[in-house]
Amino acid sequence: MLHFELIKSYEHVSHFNALTRRIWGTNADDDIPVHVLVTIAKNGGGVLVARADDGPPELGGMVGMALWWLGIQQLPGESAPRLKACSHMAGVLQAWQRQGVGRQLKLQQREIILEQGVTEWVTWTYDPLYRTNGVFNLHRLGAICNTYARNVYGELDDELNRGTPSDRCQVDWWLRSERVERATENQLPNGQRDWQESQVLPSTRNAAGFLCPGAAGCALEAPTIAVPIPEDIAAVRRSDPALGHEWRMYMREVMETAFAAGYLMVDCVKLQKSTWHYILTISQQS
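So, the side chain of R237
Secondary-structure assignment places R237 in helix 6 (residues 233-239). At 3.2 Å, the side chain of R237 and the side chain of D127 are in polar contact. For R237, the side chain forms a polar contact with the side chain of Y130, separated by 3.4 Å.

Structure, rendered in structure tokens:
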């Protein structure tokens, strides 16, 4: 059984940092200082953990976590910044993944933020080349995205990000939107749309079976476009670093071009029974 807890004191922070090291393969140099975590927890942010009855004793039973704080951002066309929650980290130990722990953490986070009554907007960044994160953020949680940023964190040295520019998408999670309300009820944020009429950008497969991007400069001509993504970018980077870099540059060009043209990223699905795609549309709003 899972138990969710907001950490408020320093006694539990060592377990929290040990958990994050195990999830992301980092070392103690990347630990968040105790005084920072406690300050976040006591000043409107959240240090949320999921404990399992059979979780690792050396981690105090912790198997998942989410960390966020309040911030501001000005939206295009608005005259002043809005208050938002900046969700900086969320992760689950590998042995507890694909069991719904991550989704339960995010839904707990949603409830906590709504109970505060100060904002209904949450943002976070993720590497768009990680297909499972795209599916989770867009298809399961109902987030949307129209922001792509280059090399946000500089050169990272953890096992998942080492050796590649830290480009990121920022997703917007509008907690009271119809999309998110559907997602919280285990419904698809976009209903039963299958996106088969989208303009599908080309891709190929190499001799090793890895998906390869097509030309990034093709015209975006349809109201809805489907952008290919690799099935497993971590495997690509291990076996063919040059192809991993090619995917980074492809995604950078396509997303920057599409967002500048007014497209909104709303889903991550498998099309044509074989390849995964991001769905970007001009017509759909949050």
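Thoughts on unusual backbone geometry
Despite not being glycine, R98 shows a phi value in the positive range, around 60°. The phi torsion at N186 lies on the positive side, around 65°, for a residue other than glycine. Residue placement: N186 occurs in the loop between helix 5 (178-184) and strand 8 (199-200). With a relative accessible area of 64%, N186 lands in the exposed category.

Describing the pattern of salt bridges
Applying the stated criterion across every chain yields a total of 13 salt bridges. The closest approach of N and O atoms between E78 and R82, which form a salt bridge, is 2.6 Å. The exposure class of E78 is partly exposed, given its relative accessible area of 27%. Judged by relative accessible area, which is 35%, R82 ranks as partly exposed. Among the salt bridges present, the one from E120 reaches R176, with a minimum N-O distance of 3.9 Å. Separated by 56 residues along the polypeptide, E120 in the loop between helix 3 (101-116) and strand 5 (121-126) and R176 in the loop between strand 7 (168-174) and helix 5 bring together distant segments of the chain.

The rules we used
Residue numbers restart at each chain and count upward from 1, following the sequence in its written direction. A pLDDT threshold of at least 70 governs which residues receive local features in this predicted model, and a stricter bar of 80 or more applies before side-chain atom pairs are shown or counted, although totals over entire chains, interfaces and linings include all residues. The side-chain numbers reported here are obtained from all heavy atoms of the structure, hydrogens and water having been left aside. Numbering of helices and strands runs from the N terminus, with a helix taken as a DSSP run of H or I at least four residues long and a strand as a DSSP run of E at least two residues long. By the criterion applied in these results, polar contacts are pairs of N or O atoms within 3.5 Å in which, for protein atoms, one can donate a hydrogen and the other can accept it, and in which residues neighboring in sequence qualify only through two side-chain atoms. When a residue's accessible area, from a 1.4 Å probe over protein chains only, is under 20% of the maximum for its type it is buried; when over 50% it is exposed; and in between it is partly exposed. Between Lys or Arg on one side and Asp or Glu on the other, a salt bridge is scored when a side-chain nitrogen of the former is within 4 Å of a carboxyl oxygen of the latter.

Such coordinate-based values are descriptive only and should not be taken to indicate function.
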